[in-house]
Amino acid sequence: MSDEKRTTTTWQDNCSGLRGHELVTTELGEKIPALGANENVKDCDDAVAQVKLFSPYSNWTWYVTEWEAETGLCFGLVEGFETEWGYFGLTELAETKVFGGVPAIERDLYWEPKTIGEIRRTSSRMAA
């Protein structure tokens with residue numbers, strides 16, 4: 001399995017230079033389960049968000065619980081106009097810019113992985 005990890009191509013953040021950090025580092029990527037890994041979890045509140053992405057220019061937050069390393073396709077909880085589970089692409093988020101070229105999405109550099117249940121209990125935007 002470790003040989004498999006070495007040969008797998010991992011999604012690249014082509015906008016990390018402007019942002020000053022990658023949305024998902026190689027180390028973080030190794031901790032995020034593959035797409036479908038939480039499929040049999042009985043309570044979605046038990047899924048762990050390894051990464052938190054947010055826009056300091058809007059009221060949107062993305063909690064990554066699963067991903068596909070090759071493409072950057074993620075699944076997780078999204079707080080936006082509504083709070084819902086869904087798929088989102090890291091490439092699209094990484095390339096989103098405001099004010100003529102400022103990256104609009106950042107990774108919470110101080111994020112410690114939490115279950116969705118923990119996030120729901122502490123978020124002022126989510127109903128318990």
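Residues numbered from 1 in each chain as written. Predicted model: local features only at pLDDT ≥ 70, side-chain atom pairs only at ≥ 80, totals over all residues. Heavy atoms only, no water.

(A) Broad picture of the packing of aromatic side chains. Applying the stated criterion across every chain yields a total of six aromatic pairs. Taken together, a centroid distance of 5.7 Å and an interplanar angle of 50° make the contact between Tyr63 and Trp111 tilted. Of this pair, Tyr63 sits in strand 3 (residues 61-68) while Trp111 sits in the loop between strand 8 (106-107) and strand 9 (114-115), placing them 48 residues apart in sequence. Each member of the pair, Tyr63 together with Trp111, is buried. Counting every residue linked through ring pairs, the aromatic cluster contains Trp60, Trp62 and Phe81. (Phe/Tyr/Trp six-rings, centres within 6.5 Å; stacked < 30°, edge-to-face > 60°. Helix = DSSP H or I, 4+ residues; strand = E, 2+ residues; numbered from the N terminus. Buried < 20%, exposed > 50% of the residue type's maximum accessible area, 1.4 Å probe, protein only.)

(B) Structural view of the pairing of strand 3. Extensive coverage of strand 3 is indicated by the burial of seven of its eight residues. Examined bridge by bridge, strand 2 (residues 51-54) and strand 3 share four bridges and lie antiparallel to one another. For Val51, the partnering residue across the bridge sits in strand 3 and is Val64. Hairpin connection, strand 2 to strand 3: the antiparallel pair is bridged by six residues. (Pairing = 2+ DSSP bridges.)

(C) Structural view of the environment of Glu82. By the element assignment, Glu82 lies in the loop between strand 4 (73-79) and strand 5 (83-89). Residue class for Glu82 comes out exposed when judged on its relative accessible area of 57%. In this structure the C-alpha to C-alpha distance between Glu82 and Trp60, which are 22 residues apart in sequence, comes to 9.5 Å.

(D) Structural view of the pairing of strand 4. In terms of burial, strand 4 is a largely internal element, six of the seven residues being buried. The antiparallel pairing of strand 3 with strand 4 creates a hairpin that spans four residues between the two strands, and Gly72 there sits at a positive phi of about 80°. Sheet topology places strand 4 next to strand 5; seven bridges connect them, and they run antiparallel. Along strand 5, the bridge assignment pairs Cys74 with Phe88. Linking two consecutive strands that pair antiparallel, namely strand 4 and strand 5, is a turn of three residues.

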